[in-house]
Amino acid sequence: LPLLQQQRIQLDLDSRKQSIWAAAQAAAAEAGGVIPESSSGDLLDEVANLVESPTVIRGGFDPAFLELPDDVLVMVMRKHQRYFPVFSPQQQLLPAFITVANGPVDPAAVAAGNEAVLRARFEDASFFYREDMKHQLADFRPKLKGTLFQKDLGTIYDKNLRVEALTPALAAAMNLATATETATAAAALCKADLATHTVTEMTALAGTMGRHYAQKQGLPEDVCTAIFEAVLPRQAGDVLPQTPAGVIVAVADRLDSLVGLVAAVGAPSATADPYGLRRAAYGMLQALVSNNVSLSLKDAVAMAAAQQPIKVSQQQQEAVLEFVGRRLEQLLVDSGVSTEAGTCD
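Residues numbered from 1 in each chain as written. Predicted model: local features only at pLDDT ≥ 70, side-chain atom pairs only at ≥ 80, totals over all residues. Heavy atoms only, no water.

S.K.: Explain the overall build of the chain to me, and be specific about the residues and the numbers.
M.R.: Each helix and strand in the chain was counted, giving 14 helices and five strands. The buried share of the chain, taken over its 345 residues, is 48%. Sequence-distant contacts in the chain: of pairs separated by 6 or more residues, those separated by 24 or more amount to 69%. Roughly 16,300 Å² of accessible area belongs to the chain as shown, and the carbon and sulfur atoms make up 51% of that amount. For the chain, the separation between the mean place of its 28 positive charges and that of its 39 negative charges on side chains is 4 Å. (Helix = DSSP H or I, 4+ residues; strand = E, 2+ residues; numbered from the N terminus. Buried < 20%, exposed > 50% of the residue type's maximum accessible area, 1.4 Å probe, protein only. Contact = heavy atoms within 4.5 Å. Areas by Shrake-Rupley, 256 points an atom, 1.4 Å probe, with all protein chains shown as cover. Lys, Arg positive; Asp, Glu negative; His and termini not counted. Charge placed at Lys NZ, Arg CZ, Asp CG, Glu CD.)

S.K.: Describe helix 3 (residues 42-50), and please don't skip the residues or the numbers.
M.R.: Of all the positions in helix 3, only Leu 43, Leu 44, Val 47 and Ala 48 are classed as buried. Take helix 3 and look down its axis: the buried residues cluster within an arc of 125 degrees, on one side only. Along helix 3, the residues that are exposed and aim more than 90 degrees away from the buried face are Asp 42, Asn 49 and Leu 50. On the buried face of helix 3, the contacting elements are helix 2 (13-30), helix 4 (70-80), strand 2 (84-87) and strand 3 (93-102). (Arc of directions from axis to C-beta.)

S.K.: An account of the packing of aromatic side chains is requested, with residue identities and associated values reported.
M.R.: Scanning the entire structure with this criterion turns up six aromatic pairs. Taking 6.2 Å as the distance between ring centres and 70 degrees as the angle between the ring planes, the aromatic pair formed by Trp 21 and Phe 84 counts as edge-to-face. You can see Trp 21 sitting in helix 2 and its partner Phe 84 sitting in strand 2, a full 63 residues away along the chain. In this pair, the class of Trp 21 matches that of Phe 84, namely buried. Pairing Phe 127 with Phe 128 gives two aromatic rings, centres 5.9 Å apart and planes at 65 degrees, and the pair type is edge-to-face. (Phe/Tyr/Trp six-rings, centres within 6.5 Å; stacked < 30°, edge-to-face > 60°.)

S.K.: Explain the pairing of strand 2 residue by residue, including any values.
M.R.: Residues Phe 84 and Val 86 line one face of strand 2 and the alternating positions Pro 85 and Phe 87 line the opposite face, and both faces are buried. For strand 2 and strand 3, the ladder comprises three bridges, and the chain directions are antiparallel. Residue pairing in the sheet places Phe 87 in a bridge with Leu 93 of strand 3. If you look at the hairpin formed by strand 2 and strand 3, you'll find five residues sitting between the two strands, and Gln 91 has a positive phi there, around 70 degrees. (Pairing = 2+ DSSP bridges.)

S.K.: If you had to explain the pattern of salt bridges to someone new, which residues and values would you point to?
M.R.: Should the charged atoms of two oppositely charged side chains come close, the side chains can pair. In the structure shown here, the tally under the stated rule is 13 salt bridges. Across the pair Arg 162 and Asp 256 runs a salt bridge, and its minimum N-O distance is 2.7 Å. Taken as a pair, Arg 162 in helix 6 (residues 156-173) and Asp 256 in helix 11 (residues 244-265) lie far apart in primary sequence, 94 residues in all. With its nearest N and O atoms 3.2 Å apart, the salt bridge here joins Arg 326 to Glu 322. Of the two residues, Arg 326 and Glu 322 both sit in helix 14 (residues 314-335), four residues apart, roughly one turn of that helix. In this structure Arg 326 comes out as partly exposed when scored by relative accessible area, which is 38%. Salt bridges here are not isolated pairs; linked through shared partners, they connect Lys 159, Arg 162, Lys 191, Asp 253 and Asp 256. (Salt bridge = Lys/Arg side-chain N within 4 Å of Asp/Glu carboxyl O.)

Shape descriptors only; they carry no functional weight alone.
Next up, the structure:
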């Protein structure tokens with residue numbers, strides 16, 4: 001142990017995480033900012049597992065890159081480089097980042113090297129963003145014809161058309177008919193950003209960039225919000241749709257996947273769920289329950305079945321209902337919700 005201490009090696013993971021977080025926040029403070037608490041989860045876990053003798057280093061980048069959307073810059077720093085972004089107390093992104101090296105290093109040299117790598121990454125992101133901004137969001141939708149969703153169900157473009165067609169009837173079934181126009185406009189564009197250069201390179205920004213480009217071209221804010229909310233939730237613990245139009249499109253998209261894929265390939269097995277249908281069903285139900293929206297799942301499944309390019313038998317529709325019903329039971333157990341969110345009969 002004395003030898004390990006001399007080498008500044010921290011064996012205990014929790015202690016290492018605390019040490020990294022404290023030193024990173026101190027370095028951020030030197031730049032006049034803070035690291036948001038959101039970075040203390042997965043990013044901190046990943047960084048702490050990559051080093052045993054952490055050395056925290058602060059670097060910077062050209063403020064001109066701040067013309068890019070914060071979401072793009074933060075995605076590059078966090079996901080691609082495992083850097084901690086630095087924000088001002090007013091929640092404005094600053095031209096600084098925190099990285100963690102392993103063992104004793106030359107801080108200036110390491111900072112310079114990381115700055116060079118980040119600059120190249122940002123230049124790529126800037127190019128993709130500028131190319132995207134040359135077009136309207138709707139211009140990207142036809143490009144979805146080149147991306148297969150599933151061989152029997154067609155392309156992502158075909159799926160997008162089904163979601164758009166399903167939206168008005170689903171809005172009425174949810175007693176959210178007043179949001180039909182907004183939801184239908186959002187449904188038409190909810191997949192378009194998948195064909196943009198930026199999302200092709202950074203898939204986790206799907207929905208985020210759709211909203212951004214829609215805002216940039218002056219679409220109504222409620223449509224922009226619904227485009228983003230259509231992808232929610234993206235993973236466990238994520239935010240959920242909150243607007244009526246967002247809930248409608250989020251449910252329509254997941255319902256189309258559930259009904260179409262169960263008909264085409266069958267429900268997931270106990271060991272395999274290649275299309276993420278458990279996550280899709282759970283997310284769909286979360287959107288309904290969290291917004292206290294009632295929906296007859298039997299009717300909704302029938303609506304989605306009518307839009308599919310292949311026949312969806314009554315037995316397959318019942319299989320969807322059974323599958324979603326099990327996810328609903330799990331959701332209610334997980335959250336303690338007793339309110340009736342829907343019905344499977």
